[in-house]
Amino acid sequence: MNPTIKFNNVKTLFSKSLKQKTSEYFKSTSQKKTGNSKLFLKATILLATFVILYVVLVFVPIHWSISVLLCILFGANLAAIGFNIMHDAGHNSFSDNKGVNSVLSYSLNLLGGNTYFWKIKHNIAHHTYTNIEGEDHDIEIKFMRIHHDQELKKHHRYQRFYFPILYGVSYLAWIFFQDYEKYVRGRMGLTSDKFHFPVKEKVIFWISKVLHFCLFVIIPIWSVGLARTLVGLLIAGAVCGMSLATVFQLAHVVAGTEFKTIEESRVEEEWMVHQIQSTANFATGSKILTWLLGGLNFQVEHHLFPKVSHVHYPALNRIVQEKCREYGIQYTEFSSFWSAFRSHVKVIHAMSR
């Protein structure tokens, strides 16, 4: 992360007005900015589903066809835990109790990732410098070109064909390779500064990686055999990876979102306006999708208010759109998942030439 990059902090009328309006909303409704009882219930359902699916897949003799279906559901459940529990907790918005947030943020370690790395890469770099080349490491996708300032290579001409494969393997590559790569080189990206890695977090890293390997590889092999374990892991991992990658891409790599390369360490827009310019919503009218994705289809609101729980995004969505109209700021929102997905594919196609 480059601390010398500055956003416009002189003319911030939009930001001040939006913050005032949202503050009035929480005051008038007497609600906390963190999660509520519905979020705790959802977390309980998702974690219970994780346990049930795991026990059935690993310890209950079932037909292979049912196993395939359950592995698909298991992969979706892993992604849902990440979207709904880990993500809010990692932003300290799940609960007003910091201890609860800290414990639940480590649910990512249960799924094979590392919360400490995620907070550096996502909370700091991505949320501060969204879609800024060289600073937002979430847009550094191997074998993919997603905006004009990235170098065009020969293999990019085929990316519209192979991107589903990359998205499918992204989760497994993340937990079994990329985390170790970051650990060894001490950097989030190839050109980023070295990060501080406390001894406590190094110990947590290795303990959680060993526990995850035992839970997802050793115990299943011992119970159902090597072949079924590998196939099951590939199916669940592909579903989880496709879910995680697609939701992120539909929020930032679609028509209407901007990418920037900063040459003089200055962004002309105020930070909140930059977030709106680089982010998009999709299918905000779908309550089912909102429930499953932890409100991440309201990505604009999440980027503007990352420390506010996703249970408040539908209400904030109306406030943000009203202020954008008032100040003449373009607000990008797709009416459905598929319209956003089609736009994403078009961007990938355009960036292949």
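Residues numbered from 1 in each chain as written. Predicted model: local features only at pLDDT ≥ 70, side-chain atom pairs only at ≥ 80, totals over all residues. Heavy atoms only, no water.

Peer 1: Please clarify how the overall build of the chain should be interpreted in this entry.
Peer 2: Helix and strand counts for the chain come out as 14 helices and 4 strands. The C-alpha atoms of the chain give a radius of gyration of 20 Å, which matches the 20 Å a tight globule of 353 residues would have. Burial statistics for the chain: of 353 residues in total, 50% are counted as buried. Within the chain, contacts between residues separated by at least 24 positions form 71% of all contacts whose residues are at least 6 apart in sequence. For the chain, the computed accessible surface area is about 17,300 Å², with 65% contributed by carbon and sulfur atoms. (Helix = DSSP H or I, 4+ residues; strand = E, 2+ residues; numbered from the N terminus. Rg over C-alpha atoms; globule rule 2.2 N^0.38 Å. Buried < 20%, exposed > 50% of the residue type's maximum accessible area, 1.4 Å probe, protein only. Contact = heavy atoms within 4.5 Å. Areas by Shrake-Rupley, 256 points an atom, 1.4 Å probe, with all protein chains shown as cover.)

Peer 1: Could you clarify how one ought to interpret the nonpolar core in this entry?
Peer 2: Grouped burial of nonpolar side chains is what soluble globular proteins tend to show. Ranked by internal contacts, the top residues of the largest apolar core, which has 39 residues, are Phe74, Leu78 and Phe282. Contributing elements (two or more residues each) for this core: helix 2 (37-59), helix 3 (64-90), helix 7 (159-185), helix 8 (199-224) and helix 9 (226-252). With 10 residues, the single largest contributor to this core is helix 3. If near-sequence neighbours (up to four positions away) are discounted, phenylalanine 282 is found in contact with Val247, Leu250, Leu289, Leu293, Leu296, Asn297, Phe334, Ser336, Phe337 and Ala340. Of all hydrophobic cores here, the second largest spans 20 residues; its members include Ile276, Leu304, Leu316 and Ile329. (Core = buried A, V, L, I, M, F, W, Y, C linked by side-chain atoms within 4.5 Å.)

Peer 1: Please explain the environment of proline 220 as it appears in this structure.
Peer 2: Inspection of the secondary structure assignment puts proline 220 in helix 8. Spatially, the C-alpha atom of proline 220 lies 9.6 Å from that of leucine 233, the residues being 13 residues apart in sequence. The contacts of proline 220, once residues within four sequence positions are left out, are Tyr54, Val58, Cys214, Leu215, Gly225 and Thr229.

Peer 1: Any chance you could explain the pattern of salt bridges here in plain terms?
Peer 2: Side chains that differ in charge, positive against negative, can pair when their charged atoms come close. Under the definition given, this model contains 6 salt bridges. For lysine 209, the salt bridge goes to aspartate 179, with nearest N and O atoms at 2.9 Å. Here lysine 209 is found in helix 8, whereas its partner aspartate 179 is found in helix 7, with 30 residues between them in sequence. For the pair lysine 209 and aspartate 179, a shared accessibility class is recorded, and that class is buried. Across the pair glutamate 269 and lysine 260 runs a salt bridge whose closest N-O atoms are separated by 2.7 Å. (Salt bridge = Lys/Arg side-chain N within 4 Å of Asp/Glu carboxyl O.)

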